[in-house]
Amino acid sequence: MSAAGSARRRGEASLQAIAHEVLTRPEAGLRLAVSRLDRRRFLQLTGLAGGGLMLAFSLRPAGAATAPARETVGAETLAPSAYLRISTEGIVIHATQPECGQGVKTAMPMIIAEELDAAWSEVEVRQSWISETDFGRQFAGGSTGIPRVWLPMRRAGAVARVMLVAAAAEHWGVAAEDCTTADSHVLHASSGRRVAYVALADAAARLPVPDAERVALKPREAFRLLGTRVTGVDNTALVTGQPLFGSDQQLPGMRHAAYVKCPAIGGRVRSANLDVIRALPGIDSAFVLEGNGDLTELKPGIAIVGRDTWAVMQAREALEVEWDETSAARDDWAETLAEARRLTDSQGAERLADQGDLDAALAGATTTVEAIYSYAFVAHAQLEPQTCTAWYHADEGRIELWAPTQTPQRAVSNVAGLLDLDESAITLHQLRMGGGFGRRLVNDPVCEAAAIARRIDGPVKLQWTREDDMHHDYLRAGGFHALKGGLDAEGRAVAWQNHFITFTADGRNPVFGGNLRPNEDLGHLIANFRLERTQLPWASPCGFWRAPGASVFAFALQGFLHELSTAAGRDHLEFLLEILGEPRWLEPDNTWALHTGRAADVLKLAAEQAGWGRSLPEGRALGLAFYFSHAAHVAQVAEVSVEDGQRIRVHEVTVACDVGPIVNLSGAENQSEGSVIDGLSAMAGQKLTHERGRVRESNFDRYPLLRLPQAPRVSTHFIQSDWSPSGLGEPVLPPVAPAVCNAVYTACGRRIRQLPISEQGFRLI
Amino acid sequence: MSTLRLEVNGRDHALEDIPEDMPLLWVLRDRLGLVGTRYGCGIAECGACTVHLGGSPVRACQVPAHAAAGQAVTTIEGLARPDGRLHPLQQAWIDHDVAQCGYCQSGQLMSAAALLARNPAPSDSDIDTALAGNLCRCGTYLRIRRAIHDAAARLAEVGT
Ligand code: FES
Ligand code: FES
């Protein structure tokens, strides 16, 4: 096996491991996690002493065994878990998960504060350290953040609250169940007494810690903070330009580094003019790193270290490298396109699902419709290019990392393996990310910074250029769908065939984001359904791009459903509702599966809010789409107008969404608005063109992001159902493109079947 | 290379060893430690590096630091009033919870501040034009529009 072939295989295995972690769903039994206890019973349950109600206590004294190694907690501090600290200094809640703009640094502490009954204005939120023992897995991905922490964080708040109540009751000599809490105080209504949490911390810290799993949680009606609009805890620091981000890291004596890799992934350094580079002004050193054989960790390349980012950037201009591309990627989009087009006429290589009698149904259909949908590869283009700061303390044999990463714990193990260090010799400081979108689930920049730091004295900041970022991404995979549908005489959908053409890196499994499962293809709700798959080879690594898979499958599948309803001459809403059928879980006992009733509800709500069916001027129309991903049911109506048959203005997007109870309404609306804009951005003109393994697009001049004048109004309507909450960072994105493209068809009669839409000559204005 | 004298946020700096073509962006970030001005593209496409030069918005990745000598440079760190009171835009940004990741927001704010300085009551299309050069991958554009209108209203109330 060639070295690059093995690097690719190892890289692919690492990507699958990340996928596994991200997709591992929180405990399944989460069905009505919002308890339906009434308020009275809740107060009884949370009473501690006296009333005959026994809460199970562990024997563990608070504040000792639970104190994190990296912080000393005295008896005067109430710290029943690592999530919070209450002392005379105030109330501190730890933000444990990485912040990349999805708002968890605010939303998650809110969950703790709610059960604690802390006054939000008195809470100080601090980014936590990294510890699996204290916090379980720490990562941001798969829209699993809120569902994963929902119970543990509520319990953490409730445990502390119960202890504070017990301390107050003991102090006053009253029954705990006669005490209530509000705004960081315990109250005893009948005597009118009131004491602040901070004053109780010392006494509470001496009490035994109740068993978190048996502490009663608030009924939803009692929530005061959750569901309200709370502004981000870092807002002031952000608007005053404080150093928060990975790239803002500064240390005394810090050097700056670039890491130059072969533009065709998998290439190695054959030779380079390193002597010339070393002699340039402001440059300290330049050296080759061989790579560790894993494309998700350290690729081979040249490190240039110097006085400042500019000196290093200038030195790169003078760098001449001869790359050994024997085993590098040779991906070529034009060739791939031709090959895929050829394949759309033929049968798929594998049949993933075959339900009913598809051939007979198509043959017997009154009307059949055929279409080919396709979408290009795209890059993440988060606004902050990759960066990481590292400091190898040679004398102590340990390394410190300042890393903006979505997977900080994985970063520690990556670096441990890379430098052959014990994980205990690695300290990772979590820094805010200038966007994640799935790119920072992979820790290649952290590995590069660590490997460079290992070779020099003192701290070093690695800063990728935008060009590096676009050329060394883990891509959203392109794909093709050859679709066939059949309608009966009444215009009902009776047949659905999807030949899905995707990519494989290891020759066996599809790349991440290229794995369409039969139950994700809504066609499986139609009696006669067939899903076939053909995989084309692709070497440049694919990864996790906001709503992987869903972000593009939605475009093809929801667009084609509209083609069917149009061919049937039926109202699209009514057509979709008919396919969904009776309200039911599609996979019984799996609340991560689609519920047709929840789907129908969001469709009806979006339609109602957008005024579905109203008449609009010539050239202007509404389009509807639904998608289910990440346990979220989302429907959207886009209102668009089309000028000259190609210039599209999106006026408004109406979003209806069921993700269960909303934690932070402001954050939730922000995610919805952002996802709509992001979806439009990718839809409009984003595309990577590979040639001989190289990405031709390098920067925002040829890889456009949506700009402010193009942004439509967005209104979001949440159905706050009683199902346990699910994440919102991704699922609003998938329905955007099909809603817009369906509207475009209705407005001008031209069907969009390619992403980006610029491929068909359309423009977003 | 002669000594470069720069006035940034009302403070004078004398800097040695600054190459003629070194952009203001990297002098601010790597030499002066003012990292609130951010790098996104280096080619004047994203606006993350927007600062004011003599009161006008410029892309710091495009302006050689030497060309900024003799003119007042204002960065995001200098947008608040000297007494520490936030600029009305900063307050509006906080209240409207504009930021998601926040990386682009220094640049957005500097473009918005330059707009309000010359047009205290901008229309939607004035805002569109003035901020079209500032990219936000997180898609915070709607709140940016709202926050600018709100800040303009606040400014009108107190009188400028
Ligand atoms: S970094 Fe200057 S405009 Fe993008
Ligand atoms: S807030 Fe993230 S790029 Fe604008």
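Quick notes on the rules
Residues numbered from 1 in each chain as written. Chains lettered and ligands numbered in written order. Predicted model: local features only at pLDDT ≥ 70, side-chain atom pairs only at ≥ 80, totals over all residues. Heavy atoms only, no water. Helix = DSSP H or I, 4+ residues; strand = E, 2+ residues; numbered from the N terminus. Rg over C-alpha atoms; globule rule 2.2 N^0.38 Å. Buried < 20%, exposed > 50% of the residue type's maximum accessible area, 1.4 Å probe, protein only. Contact = heavy atoms within 4.5 Å. Pairing = 2+ DSSP bridges. Domains from an automatic or database assignment. Buried area = accessible area lost by both parts, 1.4 Å probe. Polar contact = N/O pair within 3.5 Å; in protein donor to acceptor, adjacent residues only side chain to side chain. Nonpolar A, V, L, I, M, F, W, Y, C, P; charged D, E, K, R; others polar. Salt bridge = Lys/Arg side-chain N within 4 Å of Asp/Glu carboxyl O. Core = buried A, V, L, I, M, F, W, Y, C linked by side-chain atoms within 4.5 Å. Axes fitted to C-alpha atoms, helices over the stretch in contact; angles between N-to-C directions. Parallel < 35°, antiparallel > 145°, perpendicular 65-115°, else oblique. Phe/Tyr/Trp six-rings, centres within 6.5 Å; stacked < 30°, edge-to-face > 60°. Lys NZ or Arg CZ within 6 Å of the ring centre and 35° of its normal. Right-handed = clockwise from strand over helix to strand, strands pointing away.

How should I be thinking about the overall build of chain A in this particular structure?
When helices and strands are counted, chain A shows 19 helices and 30 strands. Scaling as 2.2 N^0.38, a compact globule of 765 residues should have a C-alpha radius of gyration of about 27 Å, and chain A matches this with 28 Å. Overall size of chain A, expressed as C-alpha extent along the three principal axes, is 80 × 75 × 45 Å. When the 765 residues of chain A are sorted by exposure, 67% land in the buried category. Sequence-distant contacts in chain A: of pairs separated by 6 or more residues, those separated by 24 or more amount to 77%.

For this particular structure, what's the right way to read the pairing of strand β19 (residues 460–463) of chain A?
Two faces make up the sheet, and in a regular strand the side chains alternate between them. All names here are of chain A. Residues Val460 and Leu462 of β19 are buried on one face, and the alternating residues Lys461 and Gln463, pointing to the opposite face, are buried as well. Bridge analysis of strand β9 (residues 255–261) against β19 gives three bridges, and the strand direction is parallel. Its bridge partner lying in β19, Arg255 is registered against Val460. For strand β16 (residues 387–393) and β19, the ladder comprises four bridges, and the chain directions are antiparallel. Bridge pairing links Ala390 to Val460 in β19.

What is the right way to read the domain arrangement of chain B from this model?
Interface size is commonly expressed as the accessible area that is lost once the parts come together. Residues and elements named next belong to chain B. One can read the domain layout of chain B as domain 1 (4–78) and domain 2 (88–158). Using C-alpha coordinates to define each centre, domain 1 is positioned 21 Å away from domain 2. Domain 1 puts 14 residues into the contact, and the matching count from domain 2 is 13 residues. In total, domain 1 and domain 2 occlude about 1,200 Å² of area from one another, counting both sides; carbon and sulfur atoms represent 56% of this. Its largest share of buried area at the contact with domain 2, domain 1 owes to Arg38, His52 and Ile76, together 40% of the area lost on that side. Connecting domain 1 to domain 2 are seven residue pairs in polar contact (both at pLDDT 80 or more). Where the side of domain 1 that touches domain 2 is concerned, the elements lending two or more residues are β3 (50–53) and β4 (56–59). Taken together, the residues of the side of domain 1 that touches domain 2 sort by class into five nonpolar, six polar and three charged.

Teacher, can you tell me more about the side chain of Glu384 of chain A here?
Among the secondary structure elements, Glu384 of chain A is positioned in the loop between β15 (367–375) and β16. Taking relative accessible area as the criterion, Glu384 of chain A reaches 0% and is therefore assigned buried. Within the structure, Glu384 of chain A has its side chain in polar contact with the side chain of Ser247 of chain A (distance 2.8 Å). What Glu384 of chain A contacts, discounting residues up to four positions off in sequence, is Phe245, Gly246, Ser247, Pro404, Arg432, Met433, Gly434, Arg440, Arg466 and Asp469 of chain A together with Tyr103 of chain B.

Quick question: what am I supposed to make of the interface of chain B and chain A here?
Each partner contributes residues to the interface: chain B has 53 residues there, and chain A has 65 residues. Roughly 4,700 Å² of surface becomes buried between chain B and chain A when both sides are summed, with 55% attributable to carbon and sulfur atoms. In this structure, the connection of chain B to chain A is made through eight salt bridges. Between Arg29 of chain B and Asp248 of chain A there is a salt bridge, and its shortest N-O distance comes to 3.6 Å. At the junction of chain B with chain A, the criterion picks out 29 residue pairs in polar contact (both at pLDDT 80 or more). Of all the secondary-structure elements, those providing two or more residues to the side of chain B that touches chain A are α1 (24–31), α2 (88–95), α3 (105–118), α4 (124–131) and α5 (141–158) of chain B.

Help me understand unusual backbone geometry, please; the structure alone is not making it clear to me.
Trans is the common state for peptide bonds, and a negative phi is the common state for residues other than glycine. Across the junction of Leu755 of chain A and Pro756 of chain A, the peptide omega takes the value -5 degrees, indicating a cis bond. One can find Pro756 of chain A in the loop between β29 (754–755) and β30 (763–764). Positive phi outside glycine occurs at Ala44 of chain B, with the angle close to 65 degrees. Given the relative accessible area of 36%, Ala44 of chain B is considered partly exposed.

How should I be thinking about the nonpolar core in this particular structure?
Grouped burial of nonpolar side chains is what soluble globular proteins tend to show. In terms of nonpolar packing, the biggest core is built from 181 residues, with Trp93 and Ile148 of chain B touching the most fellow members. Top element by residues in this core is helix α15 (residues 550–567) of chain A. It accounts for 10 residues. Residues Leu78, Ala95, Ile111 and Val174 of chain A belong to the second largest nonpolar core, which totals 59 residues.

Quick question: what am I supposed to make of the sheet that holds strand β2 (residues 84–87) of chain A here?
Pairing between the strands of a sheet comes from backbone hydrogen bonds, and it takes one of two forms, parallel or antiparallel. All names here are of chain A. Taking strand neighbours across the sheet as the criterion, the three strands line up as β2-β3-β4 in an open arrangement whose pairing is mixed. Across the chains shown, the open sheet's two edge strands, defined by having one partner strand only, are β2 and β4 (123–127). Put simply, the sheet's adjacent strands are angled 20 degrees from each other on average, direction ignored. Pairing analysis gives five bridges linking strand β3 (residues 90–95) to β4, with the strands arranged parallel. Bridge pairing links Ala95 to Gln127 in β4. Contacts from helix α3 (residues 104–116) reach β2, β3 and β4 within the one sheet, and its direction differs from that of β3 by about 135 degrees.

Explain helix α9 (residues 309–318) of chain A here, please?
Side chains three or four residues apart in an α-helix point the same way, a direct result of the helix having 3.6 residues per turn. The buried fraction of α9 of chain A is high, at seven of 10 residues. Within α9 of chain A, burial applies to Thr309, Trp310, Ala311, Val312, Met313, Ala315 and Arg316 of chain A.

Is there a simple way to think about the domain arrangement of chain A in this case?
All names here are of chain A. On domain assignment, one finds that chain A holds domain 1 (35–237), domain 2 (246–327 + 386–463) and domain 3 (333–379 + 475–764). Listed by partner, the interface residues are 18 residues for domain 1 and 13 residues for domain 2. Of the roughly 1,200 Å² buried at the junction of domain 1 and domain 2 (both faces included), carbon and sulfur atoms supply 49%. If you look at where domain 1 meets domain 2, you find one salt bridge. Linking Asp234 and Arg432 is a salt bridge whose minimum nitrogen-to-oxygen distance equals 2.9 Å. At the junction of domain 1 with domain 2, the criterion picks out seven residue pairs in polar contact (both at pLDDT 80 or more).

I'm lost on the pattern of salt bridges in this one. Help?
Side chains carrying opposite charge are able to pair once their charged atoms draw close together. Residues and elements named next belong to chain A. Under the defined criterion, the tally for this structure stands at 60 salt bridges over all chains. Linking Arg278 and Asp275 is a salt bridge whose minimum nitrogen-to-oxygen distance equals 2.9 Å. A residue pair is termed a helical-turn pair when its members lie 3 or 4 positions apart in one helix, as Arg278 and Asp275 do in helix α8 (residues 274–278) at three residues. Of the residues examined, Arg278 reaches a relative accessible area of 37% and is grouped as partly exposed. Judged by relative accessible area, Asp275 falls into the exposed class, the value being 61%. Overlapping salt bridges, with partners in common, bring together Glu114, Asp117, Arg161, Lys218 and Arg224 in one network.

In this structure, what is going on with the packing of helix α16 (residues 572–580) of chain A against helix α17 (residues 596–610) of chain A? I would like to understand it.
Helix-helix packing is characterised by the crossing angle of the two axes and by the distance between the axes. All names here are of chain A. Across the interface, α16 lies against α17 with an axial gap of 10 Å and an inter-helix angle of 170 degrees. Classed by the angle they form, the pair α16 and α17 counts as roughly antiparallel. Contact with α16, carried on its side by Leu573, Leu576, Leu577 and Leu580, involves Thr596, Ala599, Ala600, Leu603, Lys604 and Ala607 of α17 and no other residues of that element. Broken down by class, the residue content of the contact of α16 with α17 amounts to eight nonpolar, one polar and one charged.

So what exactly am I meant to see when it comes to α2 of chain B here?
Along α2 of chain B, six of the eight residues are buried, which leaves the element largely enclosed by surrounding structure. Residues Pro88, Leu89, Gln90, Ala92, Trp93 and Ile94 of chain B constitute the buried set of α2 of chain B. Check the buried side of α2 of chain B and you find it contacts α7 (235–239) of chain A together with α3 and α5 of chain B. Phi turns positive, to about 50 degrees, at Asp97 of chain B, one or two residues after α2 of chain B.

Which parts of the structure should I look at to understand the environment of Glu89 of chain A?
Residues and elements named next belong to chain A. By the element assignment, Glu89 lies in the loop between β2 and β3. Among the residues examined, Glu89 registers a relative accessible area of 75% and is labelled exposed. In the structure, Glu89 is positioned 109 residues away from Val198 in sequence and 7.3 Å away in space, judged by C-alpha atoms.

Help me understand the packing of aromatic side chains, please; the structure alone is not making it clear to me.
In this description, a pair of aromatic rings is defined by centroid distance and the angle of the planes. All names here are of chain A. Counted according to the given criterion, the structure contains 15 aromatic pairs over all chains. The structure contains a cluster of three or more aromatic residues connected by ring pairs, namely Trp333, Phe377, Phe480, Phe503 and Trp538. The ring of Trp545 carries Arg476 above its face, with NZ or CZ at 5.4 Å from the centroid.

Would you take a moment to explain the pairing of strand β17 (residues 398–403) of chain A for this structure?
Residues and elements named next belong to chain A. Taken across its six residues, β17 has five buried, putting it largely inside the fold. Direction of pairing for β16 relative to β17: antiparallel, over a ladder of five bridges. Its bridge partner lying in β17, Trp391 is registered against Glu400. Connecting β16 to the next strand, β17, in antiparallel fashion are four residues, including Gly397 with a positive phi near 60 degrees. When β17 meets strand β18 (residues 426–430), the two strands line up parallel, connected through five bridges. Considered in β18, the bridge of Leu401 is made with Leu428. Assessed by its sense of winding, the connection that carries the chain from β17 through helix α12 (residues 408–419) to β18 is right-handed.

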